[in-house]
Amino acid sequence: AVGRFIMWYTLKSVTDSRDLLDDPALCGRDGQRTILEIEDARGKVMSIKEFSDFPRKRELLVRPLCKFLVVSRTKQCDKSNPISGDPFATADIVRLRMLT
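Residues numbered from 1 in each chain as written. Predicted model: local features only at pLDDT ≥ 70, side-chain atom pairs only at ≥ 80, totals over all residues. Heavy atoms only, no water.

The next point concerns the overall build of the protein. Across its full length, the protein holds one helix and seven strands. Mapped in sequence order, the helices and strands of the protein form the string β-β-β-β-β-β-α-β. In terms of overall size, the protein behaves like a compact globule, its C-alpha atoms giving a radius of gyration of 14 Å where 100 residues would be expected to give roughly 13 Å. Referenced to the eigenvectors of the C-alpha coordinate spread, the extents of the protein come out at roughly 40 × 35 × 20 Å. Looking at the protein residue by residue over its 100 residues, the buried ones come to 32%. For the protein, long-range pairs separated by at least 24 residues make up 76% of all intrachain contacts whose partners lie at least 6 apart in sequence. (Helix = DSSP H or I, 4+ residues; strand = E, 2+ residues; numbered from the N terminus. Rg over C-alpha atoms; globule rule 2.2 N^0.38 Å. Buried < 20%, exposed > 50% of the residue type's maximum accessible area, 1.4 Å probe, protein only. Contact = heavy atoms within 4.5 Å.)

Together, M7, Y9 and L65 line one region of the surface with nonpolar side chains, adding up to about 330 Å² of accessible area. Note on placement: Y9 falls in the loop between β1 (5-8) and β2 (12-15). Among the residues examined, Y9 registers a relative accessible area of 60% and is labelled exposed. (Patch = residues over 30% accessible without salt bridge, like charges linked within 9 Å, V, L, I, M, F, W, Y side chains within 5 Å. Areas by Shrake-Rupley, 256 points an atom, 1.4 Å probe, with all protein chains shown as cover. Salt bridge = Lys/Arg side-chain N within 4 Å of Asp/Glu carboxyl O.)

This part takes up the sheet that holds strand β3 (residues 34-39). Adjacent strands of a sheet form backbone hydrogen bonds with each other and so pair up, either parallel or antiparallel. The sheet built from four strands is open, its strands ordered β1-β6-β7-β3 with mixed pairing. Edge positions in the sheet fall to β1 and β3, since each of these pairs with one other strand and no more. Within the sheet, the average angular offset between the axes of one strand and its neighbour, ignoring direction, is 40°. For β3 and strand β7 (residues 92-98), the ladder comprises six bridges, and the chain directions are parallel. Residue pairing in the sheet places L36 in a bridge with V94 of β7. (Pairing = 2+ DSSP bridges. Axes fitted to C-alpha atoms, helices over the stretch in contact; angles between N-to-C directions.)

Along the chain, the position of M46 falls in strand β4 (residues 45-47). C-alpha separation for the pair M46 and D30, spaced 16 residues apart in sequence, amounts to 30 Å. In this view, M46 contacts E59, L60 and L61; residues no more than four positions away in its chain are not counted.

In this structure, D40 is a non-glycine residue whose phi angle is positive, near 60°. Along the polypeptide, D40 turns up in the loop between β3 and β4. The exposure class of D40 is partly exposed, given its relative accessible area of 46%. Phi is positive for L65, close to 70°, though the residue is something other than glycine. Within the secondary structure, L65 sits in the loop between β5 (59-62) and β6 (66-74). On the accessibility criterion, L65 (46% relative accessible area) is partly exposed.

Attention shifts here to the side chain of D23. Counting through the fold element by element, D23 comes out in the loop between β2 and β3. On the accessibility criterion, D23 (17% relative accessible area) is buried. The residues contacting D23, other than those within four sequence positions of it, are G28, R56 and K57.

Encoded structure:
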């Protein structure tokens with residue numbers, strides 16, 4: 001819910017490239033999916049591009065025990081009628097503010 005705090009307890013891999021979300025291995029253009037947009041992450045995540053098997057994906061690591069504030073959520077996906085197309089127009093979107 002908006003205004004609640006969440007914490008990731010494990011290491012997470014993310015990307016800062018919106019263009020890559022069309023890739024079916026990430027978000028794709030079909031079916032139910034959720035995009036997490038993270039604000040205020042600059043300087044709090046680490047690029048692993050030079051170590052990654054997928055350097056094109058601009059992979060970043062979020063360290064364990066990071067705390068986030070849920071800023072907003074937009075419901076666009078419907079179980080009974082999933083839509084195809086641009087992930088930012090058809091997927092559910094949750095905006096998080098990275099606190100630590």
